[in-house]
Amino acid sequence: MRAALTLLPLLFAGCAANAQMGGSTAAPPLTDASLPQAESVLSGEVPQEPAAARAKTAAQYRAEAAAYIQRQVARQRIEGPAKNLIIFIGDGMGVGTITAGRIFEGEQRGEDGESHVAALDTLPYSAIVKTYSTDFQVPDSAATATAIFSGTKTRSGTLGMAPSVVTDDCAASLGAPVESLFEQAADAGRATGIISTARITHATPGATYAHVANRDWENDAVLPDEAKAAGCKDIAQQLVDWNHGGGFDVMMGGGRANFLTVGQADPEYPGKTGARKDGKDLAATWMAKTQGHYIWNGAQFAALPADGKPVLALFEPSHMQFEADRVEDPGKEPSIAQMTAAAIERLKGNPKGYVLLVEGGRIDHAHHAGNAYRALSDFAAMDEAVATALELTDPKDTMVLVTADHSHVFTMAGYPVRGNPILGTVNAGEDGAPGTKDGKAYTTLGYANGPGAVSTAERPDPADVDTTEKDYLQQSLVPTSAETHSGEDVALKASGPDAYLVSGTIEQNAIYALMAHALGLPLEK
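What you see is a predicted model, and the numbers here were worked out from it, not measured in a lab.

**Considerations on the packing of aromatic side chains**
In the structure shown here, the tally under the stated rule is seven aromatic pairs. Ring geometry for Phe410 versus Tyr447: centroids 5.3 Å apart, planes at 45°, classification tilted. Linking Phe410 in strand S10 (residues 410-412) with Tyr447 in strand S13 (residues 445-450), this pair joins segments that are 37 residues apart in sequence. A residue is classified by how much of its surface remains accessible, and Phe410, at 10% relative accessible area, is buried. Counting every residue linked through ring pairs, the aromatic cluster contains Phe149, Phe182, Tyr209, Trp242 and Phe248. In this structure, Arg75 is placed above the aromatic ring of Tyr125, and the distance from its NZ or CZ to the ring centre is 6.0 Å. The aromatic ring of Phe322 is capped on one face by Arg362, whose charged end is 3.8 Å from the ring centroid.

Now the structure itself:
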């Protein structure tokens, strides 16, 4: 997300300050005695084993391990091409988020969280993905989404552009767009759809159709005058103008304000208006162009006729609600799983197949806020959408991918016992945890930077508050206005035709080649 980029000067300044603190004094040589000594996992009181840990014998564990090998040996790979492809992107869903999200999901279902199997865990093939962009070790979502959908790494901040284009350089961008997988698929006659819990003009969904030198140019009001004069278009306008295959068949998400004018009242929130200053009602323009259905609330979503006409669903002026808050939404917006089911139902009517993006966009936003509860809740919501897709499709003709664009500086600390609430505290000196120097508790989950940083002389004790409450911000190390992305590798999971090609450690832009190959699309034009 762009917020991470704006924090770089602050972080660089902090690094410079730290480098100067020692002056010219030489550091003492490091010896085993001078290094901090890690305590045993069983320091302090020996924890009481929870029932889940005592439930199985060694023989049972070994039998489960043997059964895994038997399944692997018996698995028959499915050859391509695939008729359909569904790619799920958990924005900011690093491996730590998958682990914590799996435990959270199990706990919410009353199960043993640690051994719970998430829907994405059932996809049989996996790879590790390197996420850097051409100019940053730690990327943003625009560069990473461009790599995934267009097969080229590029500069952070640009969308659907060759790596030669510098951020904000409209003139250069006009001659350097890179074709996306969705454009290729639509031109080949497949149906196309995009779903996001973020704005539909945001970086990840935008990478399927937009070509722009600045990912923030989501409507004309933020598009610089010189860019307008040079012929560049804002992202919402590009979506409405997108004519590959006659346009998208399904578009569902947030971002309504980018399609309405400042003179139009928002239909859901009194006092709010659209954001466009060019007088263009793009929702009306899209309806006139396609004869499709424009909707903005849950009742209209439930009443959509099965007539094969395209759908533009914009459920919020900006991003959709976090899953934890969705029940309070005035418009009763649908869940990401419900949108996924509706999209598959509409897209499957195309005899040539379809390509669908489903983005859990607000996992990232919750992490930026330092709010693990909402991040994990949105992970669980997206995982439900993965389960829905697996139930509604046939692995013989549909490739399903689950990945992330990047990770976050999100950590899971030792040593909570089995069954400890994932959002809870690990009390100092208890439950096998090493004692803290200040004698206070700490949470299992935390962040290396972010708004939860402790700025007082004494660290507040998390044991004094409810750390499982949805508004709690986990403590972090470095104070920043928003927590940042991280540069660690992310996971790629796959099932269906040609999924067996997913293995090893790969560059992020190779995901595009994998999808194009599975769909039988040309890798080079």
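Structure's up, so let's keep going.
**What about unusual backbone geometry?**
Look at the link from Gly80 to Pro81: it is a cis peptide, with omega at 5°. Relative to the elements of secondary structure, Pro81 occurs in the loop between helix H4 (58-74) and strand S1 (84-90). Omega for the bond connecting Gly414 with Tyr415 falls within 30 degrees of zero, at 0°, which places this linkage in the cis form. By the secondary structure assignment, Tyr415 is in the loop between S10 and strand S11 (425-426). Backbone geometry at Asp168 places phi at a positive 80°, although glycine is not the residue there. If you trace the backbone, Asp168 turns up in the loop between helix H6 (141-150) and helix H7 (170-173). With a relative accessible area of 47%, Asp168 lands in the partly exposed category. Positive phi values are uncommon outside glycine, yet Gln291 reaches one of about 60°. Looking at the secondary structure, you find Gln291 in the loop between helix H12 (282-290) and strand S5 (293-295). For Gln291, a relative accessible area of 52% gives the class exposed.

Reading the values: rules and limits
- Residues numbered from 1 in each chain as written.
- Predicted model: local features only at pLDDT ≥ 70, side-chain atom pairs only at ≥ 80, totals over all residues.
- Heavy atoms only, no water.
- Phe/Tyr/Trp six-rings, centres within 6.5 Å; stacked < 30°, edge-to-face > 60°.
- Helix = DSSP H or I, 4+ residues; strand = E, 2+ residues; numbered from the N terminus.
- Buried < 20%, exposed > 50% of the residue type's maximum accessible area, 1.4 Å probe, protein only.
- Lys NZ or Arg CZ within 6 Å of the ring centre and 35° of its normal.

Treat this as a map of the structure, not an account of what it does.
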